[in-house]
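Structural description and commentary
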Amino acid sequence: MTCSFSAAIRRVPGGAFAKTPKSQAMTAVPMQTSFGNLNTYFGSWPKRRSQFLIYGCLNPRRTNAIVSGSQGCGHVDIDVKDDADSATDIGSLYGGTPQSFPATGDGSSGGGPGPAEAALAAAHAAAAAAKCLGLGGVARRFKKGQKLAMVTAYDFPSSRLAREAGVELILVGDSLGNCRLGLPDTVGVTMEDMLRATSSVRRGVEARPGASVASPKPVVVGDMPFGSYLLLPDALRNAAAFRLAGAEMVKMEGGRHLAPFIEALTRAGIAVMGHIGLEPQKALLQGGLRLQGTTARSAAEIIRDAEELVKAGAVAIVIECVPVEVASAVQAAIPGVPVIGIGAGGEVAGQVLVCDDLLGVHGRPPSFVKMFADVGRVSANAYARYVAEVRTGEFPGEAHGRPMKPEELEKLKELLPLVVKSRASQVAKAKPDAAASPQGPQASSSLAHRQQGFVTNPIVGLGSTGGLGSLEVLPGGRFQALNFLGPRASPTFAAARHISQAASPGSPRLAVLPTRADLSAWRREASARGRRVALVPTMGNLHEGHLELVDQAKELADEVLVSIFVNPAQFAAHEDLDRYPRTLEEDLKKLRERGASAVFAPTPGDMYPHGSPGGTVVVPHFVQGRSEASCRPEHFTGVATVCLKLFNLCDPHVAIFGQKDAMQCVVIARMLEDLMLDERMSLVIAGTSREADGLARSSRNRYPTEGMRQKAPAIYRALLDSVQAAGATPLSVRSTVHQMLEREGMEVSYISVADARGMAEKPDSAELQNSIVSIACILKDNGVVSRLLDCIVVPGTGE
Ligand SMILES: Nc1nc(=O)c2c([nH]1)NC[C@@H]1CN(c3ccc(C(=O)N[C@@H](CCC(=O)O)C(=O)O)cc3)CN21
Ligand SMILES: CC(C)C(=O)C(=O)O
């Protein structure tokens, strides 16, 4: 430790400590300082060490007490061995003996580290995490051949996440403009924007990391925005502003013409990172955001630029969007300086990516980006759930609010008897028995939904004839009313859609995906483009009901993927698997006209490589023996299994089913919940699509003879009449429907009035609200037998 009394440790904006010249008259880095000491000017200083330097105090506990919040200014210059990667130098600075990290699981000490060793290890880890990697640390890792990871950050949380992940460098990129400010490109970003971002990023780096983080703090690089370094004085002033805002280095786009700037900045104590290849601030002159250095001549220019920048003092170089070989040659030409590539291959010292690109939150990432997570999608689901839960009253729940102390509440009631009493009593009464609450519709209905976890659109199935209204089953298996009614039902809307399709000839194009491999390629492309995907699973033989699902899917996502697969596993041996109508060409034509994006039409062998149903199946036990499952015991296992396969393959944001197959909807909703798929997708149940006379549309409607067709609408009429009758109960519905349909000569396989969530049959005299009334009928005519299904949902009260 040598004392030369030439520098001061100052607290800089953002709270970090930096080493600066003692007097303002001096250059940023004192001329007499040793080369080895240079690095100490470019990192920010760990608080403990700075405090020691400021006060020259050997007792760290005492300094903690003295310094907090002070604007420290001292005068000790020390020759710090910049060894931020080893956890020893804080100890030696304070006079401790260097300790080696206790080896975990070391048998010699008889069963791992004891409490003292563990505490020491934790202390070392904390000390390491509190340090700054600094330019010296980066240089050391580079010399050791370790690859360097740099990522952009623009604010506190993105910086904290990057720091906790252990990146070496954080770039406060001017991509702030297009990524976070909604600008068309990076050109409109101002110094003000960048400084605010830089100080926030600095705070994220300084925030106390999670307990498991042992890596030192990364170096923060400020990206000089367009126009901030046109003239040398601008460059100096603006770079200094970055330094004060918390950046340890600045990055500038440009070739050898920047050499004098880099020399001047370096002389002023500001480290510079060059940026060559694609320079987005110059995109207009470079022919757009495209690959650079594609010719031998231009590649050679780039390599010379790199050499000149390094000669001028650049401590690192970003190279963007050039062929792999060019980036590799740049690194070879400047072996002493790390080259950080983006879209430039792996033969360089490190990589940089825009955080929004790797997280999947940027709409249009460049093609060289790898998306490491689909955070955009996770977020979209979270927002959708939030909105839905606010609307249904599910949120806030009891855990999300605080009650008033009873005695204060009493006093308040006395003060304001009219206002307070009524509300408090409502809540108090509604709680124990929500459904039976005689209170206002608001309180009782929202609590009823919560109890049942079920919200219905009151119009679904009740008196409507078209495919109107729909239910969304939210993550967590809840149903939410979706309002497709307005625009869909209006003729103007239909006309507008017609015109918009006609106006773009040749599109929409329908991708036909006959194999899993085709699907997977299509799906990846959709992901890469940040497109939301809605899946409409079908067995083909498409009718208007399916096409209405496609319409609704278009409202919910960017791409509509329709699967067409006649699933052998859901047909029992005696059922009509072989006779099931297969009309692929017609189906494709209809989907093309309707504007679906893609059709996945696999073979049974592709879906069941080990034969159907295969060794592993999904069994929805909870419906066994109930309504449709009582007739077709294996059917729902086949349905759930194939849907799970389809969800895994298609990875949709949302899947849409028609409500007509009520039990199927309940089975899928429950599967999503039980197998925790609801974390990544939601389910929308669309209202049953009906012919003008009320007959539910079905792929099987081709079967009925003309005579059957005449009779079939009686099914829906019977359902409606029975539930709308005054004082209707589950018992009355069951018996009325039976009588009405048997009078028509139909055979009722079952008529079920079930709890909408679990499909448990409701007791005879239970409330009819929140039930699914479902039916299967057998029609016979001239030796032809047909089985027709229908259902309606009876909504809860108060909606
Ligand atoms: N989100 C985001 N990611 C970035 O990587 C990034 C930004 N924004 N903004 C600032 C600059 C601009 N960058 C970009 C932006 C787009 C392409 C791009 O689309 N390139 C085409 C290459 C076309 C060609 O080679 O001709 C591509 O398809 O990747 C490249 C770099 C890199 N930077
Ligand atoms: C793409 C990287 C290198 C960048 O300059 C930015 O994010 O602004």
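Everything here concerns the structure above.
Residues numbered from 1 in each chain as written. Chains lettered and ligands numbered in written order. Predicted model: local features only at pLDDT ≥ 70, side-chain atom pairs only at ≥ 80, totals over all residues. Heavy atoms only, no water.

Moving on to helix 13 (residues 324-333). Among the residues of helix 13, Val326, Ala327, Val330 and Gln331 are the ones counted as buried. Considered in projection along helix 13, the buried side chains sweep an arc of 140° and stay on one side of the axis. Of the exposed residues in helix 13, those oriented more than 90 degrees away from the buried face are Glu325 and Ala332. Tucked inside the fold, the buried residues of helix 13 contact helix 6 (134-143), helix 12 (296-312), strand 9 (316-320) and strand 10 (339-342). (Buried < 20%, exposed > 50% of the residue type's maximum accessible area, 1.4 Å probe, protein only. Helix = DSSP H or I, 4+ residues; strand = E, 2+ residues; numbered from the N terminus. Arc of directions from axis to C-beta. Contact = heavy atoms within 4.5 Å.)

The contact between helix 12 and helix 13 brings their axes to 9 Å, and the two run at 30°. The angle between helix 12 and helix 13 places the two elements in the roughly parallel class. Crossing handedness for the pair helix 12 and helix 13: right-handed. Here Ala299, Ile302, Ile303, Ala306 and Glu307 of helix 12 come into contact with helix 13, specifically with Val326, Ala329, Val330 and Ala333. Taken together, the residues of the contact of helix 12 with helix 13 sort by class into eight nonpolar, no polar and one charged. (Axes fitted to C-alpha atoms, helices over the stretch in contact; angles between N-to-C directions. Parallel < 35°, antiparallel > 145°, perpendicular 65-115°, else oblique. Left-handed = near helix turned anticlockwise from the far one by under 90°. Nonpolar A, V, L, I, M, F, W, Y, C, P; charged D, E, K, R; others polar.)

Near ligand 1 lie 17 residues; those nearest to it are Asn178, Arg290, Glu320, Asp357 and Ser367. Here Glu320 contributes a side-chain N or O atom positioned 3.3 Å from a nitrogen atom of ligand 1. Taken by itself ligand 1 offers 660 Å² of open surface, and the protein chains cover 75% of this. Across the shell around ligand 1, the residue classes break down as nine nonpolar, five polar and three charged. (Near = heavy atom within 4 Å. Polar contact = N/O pair within 3.5 Å; in protein donor to acceptor, adjacent residues only side chain to side chain. Areas by Shrake-Rupley, 256 points an atom, 1.4 Å probe, with all protein chains shown as cover.)

Pairing is parallel in the closed barrel, where eight strands are placed in the order 4-5-6-7-8-9-10-11. Pairwise comparison of adjacent strand axes, ignoring direction, gives a mean angle of 25° for this sheet. The pairing of strand 6 (residues 219-223) with strand 7 (residues 249-253) spans three bridges and is parallel. Bridged to Gly222 within strand 7 is Val250. With respect to the sheet, helix 12 is in contact with strand 8 (271-277) and strand 9, its orientation differing from that of strand 8 by roughly 175°. (Pairing = 2+ DSSP bridges.)

Before going further, it helps to examine the sheet that holds strand 21 (residues 771-781). Strand pairing in a sheet relies on backbone hydrogen bonds. The paired strands run either parallel or antiparallel. In spatial order, the strands read 20-21-22; together these three strands make up an open sheet with antiparallel pairing. On the outer flanks of this sheet lie strand 20 (747-755) and strand 22 (784-794), each paired with one strand and no other. With strand direction ignored, the average angle separating the axes of adjacent strands in the sheet is 10°. Of the pairings in the sheet, the one linking strand 21 to strand 22 comprises 11 bridges and is antiparallel in character. Residue pairing in the sheet places Ala776 in a bridge with Leu789 of strand 22.

Glancing now at the side chain of Asn567. Structurally, Asn567 is set in the loop between strand 16 (559-564) and helix 23 (584-594). There is a polar contact of 2.5 Å between the side chain of Asn567 and the side chain of Tyr608. At 3.0 Å, the side chain of Asn567 and the backbone oxygen of Gly638 are in polar contact. Discounting chain neighbours no more than four positions away, the residues touching Asn567 are Met539, Tyr608, Gly638, Val639 and Val642.

In the vicinity of ligand 2, the residues found are Thr152, Leu171, Gly173, Asp174, Ser175, Asp223, Lys251, His275, Glu320, Ile342 and Val354. In this structure, Asp174 approaches ligand 2 through a side-chain N or O atom, which is 2.7 Å from an oxygen atom. Within the side chain of Asp223, a nitrogen or oxygen atom sits 3.2 Å from an oxygen atom of ligand 2. Summarising the interface, the protein chains cover 95% of the accessible area of ligand 2, which totals 250 Å² for the free molecule.

Right, let's get into the environment of Phe226. With respect to the element layout, Phe226 can be found in the loop between strand 6 and helix 10 (232-245). Accessibility expressed as a relative area gives 42% for Phe226, which makes it partly exposed. With residues up to four places along the chain from it excluded, the contact list for Phe226 reads Val187, Val189 and Gln281.

Let us look at a nonpolar patch on the surface. Taken together, the side chains of Tyr386, Val387, Val390 and Phe395 define a hydrophobic patch exposed on the protein surface, amounting to about 320 Å² of accessible area. Following the sequence through the fold, Tyr386 ends up in helix 15 (residues 375-392). (Patch = residues over 30% accessible without salt bridge, like charges linked within 9 Å, V, L, I, M, F, W, Y side chains within 5 Å. Salt bridge = Lys/Arg side-chain N within 4 Å of Asp/Glu carboxyl O.)

Judged by how many residues are buried, strand 18 (residues 654-658) sits mostly within the fold: four of five residues are covered. One ladder, built from two bridges, connects strand 15 (residues 533-538) with strand 18; its direction is parallel. Opposite Leu535, over in strand 18, you have Ala655 as the bridge partner. Note that strand 18 and strand 19 (residues 682-686) share five bridges and pair parallel. For Phe657, the partnering residue across the bridge sits in strand 19 and is Ile685. Handedness of the crossover joining strand 18 and strand 19 through helix 27 (residues 662-674) is recorded here as right-handed. (Right-handed = clockwise from strand over helix to strand, strands pointing away.)

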